[in-house]
Amino acid sequence: MSRTVVVLGGGISGLAASYHLSRAPYPPKVVLVEGSERLGGWIRSVRGRDGAIFELGPRGIRPAGALGARTLLMVSELGLDSEVLPVRGDHPAAQNRFLYVGGVLHALPTGLRGLLRPSPPFSKPLFWAGLRDLTKPRGKEPDETVHSFAQRRLGPEGRVHTSGHSVEV
């Protein structure tokens, strides 16, 4: 008897789960259910009015450990090796981080001084979120989502919303 597995959400996690299920020794029928008109979840490129391209969602991978090794293997199996651009830790792209919120690009604070002052888009100094983090229990999952991490540490300002479209794989 053939099995059917339904994967809810066509973001990067749902797509990765569907991919791995389809590569199993005895793959089930995989049905991917996505509520929006496109796959990819938060990952997408948007062109601004001035022609600038904004990459939304995660823009990097951590190749360390077993999870990182599996991610790099999947990238290779999908033939995307040439799309991966390694960035050293001392490169400006690795040291300068920005958030695009409400149509405005915000530089994230660097150094202790930047953590002690409110820094848009956050209404309170990030220092307090860091201090609160020391008292908050860790997430229960070994690979916590960005949504859960941000909401637990930043409170309401860390909330994100998701949506999802139906596609058979």
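Here is what the cut-offs are and how they apply
Residues numbered from 1 in each chain as written. Predicted model: local features only at pLDDT ≥ 70, side-chain atom pairs only at ≥ 80, totals over all residues. Heavy atoms only, no water. Patch = residues over 30% accessible without salt bridge, like charges linked within 9 Å, V, L, I, M, F, W, Y side chains within 5 Å. Areas by Shrake-Rupley, 256 points an atom, 1.4 Å probe, with all protein chains shown as cover. Salt bridge = Lys/Arg side-chain N within 4 Å of Asp/Glu carboxyl O. Helix = DSSP H or I, 4+ residues; strand = E, 2+ residues; numbered from the N terminus. pLDDT = per-residue confidence, 0-100. Contact = heavy atoms within 4.5 Å. Pairing = 2+ DSSP bridges.

Tell me about a nonpolar patch on the surface, and please be specific about residues and values.
Taken together, the side chains of Leu-112, Leu-116, Phe-127, Trp-128, Leu-131 and Leu-134 make up a nonpolar region of the molecular surface, amounting to roughly 640 Å² of accessible area. The biggest single contributor to the nonpolar patch is helix α5 (residues 126–135), with four residues. Turning to its location among the elements, Leu-112 is positioned in helix α4 (residues 111–115).

How would you sum up the confidence of the model for the protein chain? Please name residues and give values.
Looking at the protein chain as a whole, its pLDDT mean stands at 78, while 80% of the residues score no less than 70. When pLDDT is averaged over each helix and strand of the protein chain, the minimum, 30, is found for strand β7 (residues 166–168) and the maximum, 96, for strand β2 (residues 29–33). pLDDT under 50 marks residues 159–169. Its contacts with residues more than four places away, or in other chains, come to 30 contacts.

Could you give an account of the pairing of strand β6 (residues 104–107), naming the residues involved and the relevant values?
In terms of strand pairing, strand β5 (residues 98–101) meets β6 through four bridges, oriented antiparallel. Note on β6: the bridge partner recorded for Leu-99 is His-106.

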